[in-house]
Amino acid sequence: MTAITPPTTVTTTSPAPKRGLRLTPSVLIWPAMLYLILTTQVPFFMTVYYSFFRYNLVDPSSRPFIGVQNYVTLLTDPQNLRILGNTVLLAGGSLLLTLILGGALALLLNRQFAGRALLRTLMISSFLVMPIVTAVIWKNMLLNPVFGFFSWVVASLGGQPVDWLAQYPMASVIAMVTWEWTPFAMLILLTGLQSLPDDQIEAARLDGASPMQEFRHIVLPHWMQAIQVVVLMETIALLQVYGEIYGSTSGGPGVATTNLPYFIYQKAFAEYNIGLASAAGVITVILTNILAVYLLKLINRSTSSRGG
Amino acid sequence: MTASPFIRNVSDRHRVRNILLTVLTYLLAAAFLFPLVWMFMAAFKTEAQAFAAPPVFSFTPIFDNFERALPGYLPALKNSLVAAVGSTILAFILGLPAAFALAVYPTRRAQGVLTWMLSTKFMPAVGVIVPLFLLFRNLQLLDTLPGLILMYTTMNLPLVVWMMHSYMTEIPFAIYEAAKVDGATVGQEFFRIALPLSTPGMAATALLCLIFAWNEVFFALNLTSSDAAPLSVFIGSFKTSMGLFWAQLSAAAVLTVLPVLIFGWVAQRQLVRGLSFGAVK
């Protein structure tokens, strides 16, 4: 600590520290920048490079340049288009459900009642559980067609036993992912609600606004920022869902629950098809970044309006 | 309920509605927590009880499952701890100076740098995993803890910079100016002012980094196999070979998620800040 604070002259002439100020910031920023460039930008450009080759690790000596052939293969095979569809369906479906459930829970928890603080704390639990724990617990103990808890519920209501992961694979995965991400939506949306000034609500009530009007014209506009944050953060995270699928369906049956990240894992680490996996990786990045650009704009706006 | 101070002043109609809404809240919460409660219960059952149909709700708790899970759990625990703590420390070493510089010496480029750092979070792991895997293979980093630490640092570094930047901008600027007048160097400002005054922020950020690294699955599964396999890989192994031992699986899962649950409950408020990159407070 003392080693890097050289003795400064007591007579502080103003130019001397200023020179230090000019130099120091960029010097301090560069280690973090360089690290991120080396571990994210460089590998990504290598991914783009590999995507133009027929490159299989089983035969690494032969690596012909094939241009956009990998992309053509990816985007013309109907099975691969299904995987693209799965990716969007899984992300979109889970997002919609978490928004509805998380919003309802946020509204319910924004009231005063006994045990509210405890419930609020406990409710974030499923978000903190490791995705792969979620997957194996749901797969084995809840969704199992014979011994699973849900089957027992269905049977005791007089229904037929259901093999959830075989009959409704995508719905099961969406249910799992929704269970995990609802607390995230709830947490952000509840914080958004709580930053709503009381006097605005009171003013609306004094003006004779009905609860519906109050919600539509006061609560909802104020809520929009939190809603947007949930939508964009979750979109980026849900396009990358992997552990839940790995631990439960392994992408099956068939390709019913294979999304882009799981597909890339299969291509790269089971088939060693580096070229095709790279092309799929590039597509995933493009898909994510189209949404990310929008998110960046939003966050820039909110952080600059914070007054800091 | 009638004695509750919160609803003393509302009409009877409102009171009934309020009680119904509270009951609904508790029911929804119970439904949401059920999978976890079920897992915790199974951890203390015999294998036969865990598999029983209809399900067993009352039983004498046993601890055998934890004992049986330990031989596989402990090495994975060690790996998870080293990877999570190591990557958090490395992310702090790299990220704190950057956050400090961006907060205390903001230039016109600062916002751009911050935005760029955040944008690296939008890089899906699958967009970088193939070259990283090949690189790790050539550098003998596959299935090693240093390899895992390097990847988790990438994951957590933008979070450290963003969160610490937001905490450090909250330190009154007058304190830095007073220090400058007294002749403090940039290093002194960093170590004597910025770091001590943002200790709570550092604790919150570290907690988040630890949680994210602990729960990470994708890099763990694809860059480690046995020697450096963290808890996520250990739990993943129950998917196949050991999927029939529900009670033991539950015990292992409880041991895996409990630390994170406790950390997360404690740091709940900071979670919002970290998860939304400070956009919602």
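Residues numbered from 1 in each chain as written. Chains lettered and ligands numbered in written order. Predicted model: local features only at pLDDT ≥ 70, side-chain atom pairs only at ≥ 80, totals over all residues. Heavy atoms only, no water.

Draft legend 1. Broad picture of the overall build of chain A. Counting secondary structure elements, chain A contains 14 helices and 0 strands. Its helices and strands in sequence order give chain A the pattern α-α-α-α-α-α-α-α-α-α-α-α-α-α, from N to C terminus. The 308 residues of chain A split such that 51% are buried. For chain A, contacts bridging at least 24 residues in sequence account for 67% of all contacts bridging at least 6. (Helix = DSSP H or I, 4+ residues; strand = E, 2+ residues; numbered from the N terminus. Buried < 20%, exposed > 50% of the residue type's maximum accessible area, 1.4 Å probe, protein only. Contact = heavy atoms within 4.5 Å.)

Draft legend 2. Structural context of the overall build of chain B. Helices and strands together make up the secondary structure of chain B, namely 13 helices and 0 strands. Mapped from its N terminus to its C terminus, chain B presents α and β elements in the order α-α-α-α-α-α-α-α-α-α-α-α-α. Seen through its C-alpha atoms, chain B measures out along the principal axes to roughly 75 × 70 × 30 Å. Burial statistics for chain B: of 281 residues in total, 59% are counted as buried. Roughly 11700 Å² of accessible area belongs to chain B as shown, and the carbon and sulfur atoms make up 69% of that amount. In chain B, which carries 17 positive and 11 negative side-chain charges, the distance between the mean positions of the two groups comes to 10 Å. (Areas by Shrake-Rupley, 256 points an atom, 1.4 Å probe, with all protein chains shown as cover. Lys, Arg positive; Asp, Glu negative; His and termini not counted. Charge placed at Lys NZ, Arg CZ, Asp CG, Glu CD.)

Draft legend 3. How the structure looks around the UniProt feature "transmembrane region" (unreviewed entry) in chain A. UniProt's entry tags residues 27–52, 83–109, 121–141, 173–193 and 274–296 of chain A with the feature "transmembrane region" (unreviewed entry), counted in the numbering of this structure. Taken end to end, residues 27–52 of chain A is 92% helix and 0% strand, and its two terminal C-alpha atoms sit 37 Å from one another. (UniProt positions renumbered as here; feature names shortened; annotations may be inferred.)

Draft legend 4. Quick look at a nonpolar patch on the surface. Residues and elements named next belong to chain B. A cluster of nonpolar residues, Leu81, Val85, Ile89 and Ile93, forms a patch on the protein surface that exposes about 350 Å² of accessible area. On the secondary structure map, Leu81 appears in helix α3 (residues 64–104). Residue classification places Leu81 among the partly exposed positions, given a relative accessible area of 41%. (Patch = residues over 30% accessible without salt bridge, like charges linked within 9 Å, V, L, I, M, F, W, Y side chains within 5 Å. Salt bridge = Lys/Arg side-chain N within 4 Å of Asp/Glu carboxyl O.)

Draft legend 5. Quick peek at the pattern of salt bridges. All names here are of chain A. Using the criterion set out here, one finds 4 salt bridges over all chains in the structure. Across the salt bridge formed by Glu214 and Arg205, the nearest N and O atoms sit 3.1 Å from each other. By relative accessible area, Glu214 is classed as buried at 11%.

Draft legend 6. The arrangement of the nonpolar core in detail. In terms of nonpolar packing, the biggest core is built from 197 residues, with A:Val133, B:Phe100 and B:Met168 touching the most fellow members. Top contributing element to this core by residue count: α3(B), with 18 residues. Inspection of this core shows a minimum of three residues originating in each of domain 1 (5–42) and domain 2 (64–275) of chain B. (Core = buried A, V, L, I, M, F, W, Y, C linked by side-chain atoms within 4.5 Å. Domains from an automatic or database assignment.)

Draft legend 7. Representation of the side chain of B:Ser166 in the model. On the secondary structure map, B:Ser166 appears in helix α6 (residues 145–168). For B:Ser166, the side chain forms a polar contact with the side chain of B:Arg273, separated by 2.6 Å. (Polar contact = N/O pair within 3.5 Å; in protein donor to acceptor, adjacent residues only side chain to side chain.)

Draft legend 8. Molecular detail of the packing of aromatic side chains. All names here are of chain A. Under the definition given, this model contains 43 aromatic pairs over all chains. When the ring of Phe44 is compared with that of Phe45, the centres are 5.9 Å apart and the planes differ by 55 degrees; the resulting orientation is tilted. We classify Phe44 as buried; its relative accessible area is 14%. With a centroid separation of 6.3 Å and 80 degrees between ring planes, the pair formed by Phe150 and Trp164 is classed as edge-to-face. Of the two residues, Phe150 sits in helix α7 (residues 149–156) while Trp164 sits in helix α8 (residues 164–167), which places them 14 residues apart along the sequence. Phe150 gets classed as partly exposed once you look at its relative accessible area, which sits at 25%. The ring of Tyr55 has Arg63 sitting right over it, with the charged end atom 4.6 Å from the ring centre. (Phe/Tyr/Trp six-rings, centres within 6.5 Å; stacked < 30°, edge-to-face > 60°. Lys NZ or Arg CZ within 6 Å of the ring centre and 35° of its normal.)

Draft legend 9. Expanded view of the UniProt feature "transmembrane region" (unreviewed entry) in chain B. With numbering matched to this structure, UniProt assigns "transmembrane region" (unreviewed entry) to residues 20–41, 81–104, 116–136, 148–169, 190–214 and 245–267 of chain B. For residues 190–214 of chain B, the end-to-end C-alpha separation is 29 Å, with 96% helix and 0% strand making up the annotated structure.

Draft legend 10. Up close: the interface of chain B and chain A. Taken together, the contact pairs 102 residues of chain B with 105 residues of chain A. Buried area between chain B and chain A, summed over both chains or domains, comes out near 9500 Å², and the portion from carbon and sulfur atoms is 78%. At the boundary of chain B and chain A, one finds 0 salt bridges. There are 13 residue pairs in polar contact (both at pLDDT 80 or more) connecting chain B and chain A. By residue number, the principal contributor to the side of chain B that touches chain A is helix α1 (residues 12–42) of chain B, which donates 16 residues. Residue composition of the side of chain B that touches chain A, by class: 70 nonpolar, 27 polar and 5 charged. (Buried area = accessible area lost by both parts, 1.4 Å probe. Nonpolar A, V, L, I, M, F, W, Y, C, P; charged D, E, K, R; others polar.)

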